[in-house]
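Listed below are the residues making up each chain.
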Amino acid sequence: MNDQSDISMKTDDVLRVELEVFRTDHRALDEAISQLVEARTSDQLTLRRLKKQKLWLKDRITVIEDRLIPDIIA
């Protein structure tokens, strides 16, 4: 099932919980990436995978926020 139809089938309450989990995971990945970069002993492949996962989470966060927060045209 693709991401868009998966989101459309979930209630707003479920999406809010997922949003918080994704935000927490995104922050944790951001911290892990920062620590690996500062350590300068990091494996570049691991760093690339973490950044890709962080980007995927950011995309999911954006999709859920777009669903939960309607555009208001003033």
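Since we're looking at a predicted model, the values are computed, not measured.

Participant: Explanation requested: the environment of E65 in the structure shown.
Facilitator: Inspection of the secondary structure puts E65 in helix α3 (residues 44–68). Separated by 50 residues in the primary sequence, E65 and L15 have C-alpha atoms spaced 8.8 Å apart. Excluding its chain neighbours within four sequence positions, the residues that come into contact with E65 are L19 and R23.

Participant: Can you help me understand the packing of aromatic side chains in this one?
Facilitator: Any two aromatic rings considered together are summarised by their centre-to-centre distance and by the angle between their planes. Under the counting rule described, the total for this entry stands at one aromatic pair. Ring centres 6.0 Å apart and planes at 75 degrees place the aromatic pair F22 and W56 in the edge-to-face group. Of this pair, F22 sits in helix α2 (residues 12–39) while W56 sits in helix α3, placing them 34 residues apart in sequence. In this structure W56 comes out as partly exposed when scored by relative accessible area, which is 43%.

Participant: Explain α2 to me, please; I cannot follow it from the model alone.
Facilitator: At 3.6 residues per turn, the α-helix brings residues three or four places apart onto the same side. With 28 residues, α2 should reach 40 Å at 1.5 Å per residue; the first-to-last C-alpha distance of 40 Å fits that figure. Buried residues of α2: L15, E18, L19, F22, H26, L29 and I33, and no others. In the segment just after α2, R40 is the residue with positive phi, at about 55 degrees.

Participant: Looking at this structure, how should I read the side chain of K10?
Facilitator: Assignment of secondary structure puts K10 in the loop between α1 (3–8) and α2. Judged by its relative accessible area of 19%, K10 is buried.

Participant: In this structure, what is going on with the nonpolar core? I would like to understand it.
Facilitator: Taken as a class, soluble globular proteins show a tendency for nonpolar side chains to be buried jointly. Listed in full, the twelve residues of the largest apolar core are I7, L15, L19, F22, L29, I33, L47, L50, L57, I61, I64 and L68. Listing elements by their share of this core, those giving two or more residues are α2 and α3. At six residues, the largest contribution of residues to this core is made by α3. When sequence neighbours within four positions are dropped, the list of residues in contact with L57 reads F22, D25, H26 and L29.

Participant: Whenever I open this one, the environment of D30 confuses me. Can you help?
Facilitator: Relative to the helices and strands, D30 resides in helix α2. The spacing of D30 and K51 is 21 residues in sequence and 8.2 Å in space, taken between C-alpha atoms.

What counts, and where the lines are drawn
- Residues numbered from 1 in each chain as written.
- Predicted model: local features only at pLDDT ≥ 70, side-chain atom pairs only at ≥ 80, totals over all residues.
- Heavy atoms only, no water.
- Helix = DSSP H or I, 4+ residues; strand = E, 2+ residues; numbered from the N terminus.
- Contact = heavy atoms within 4.5 Å.
- Phe/Tyr/Trp six-rings, centres within 6.5 Å; stacked < 30°, edge-to-face > 60°.
- Buried < 20%, exposed > 50% of the residue type's maximum accessible area, 1.4 Å probe, protein only.
- Expected span 1.5 Å × (residues − 1).
- Core = buried A, V, L, I, M, F, W, Y, C linked by side-chain atoms within 4.5 Å.

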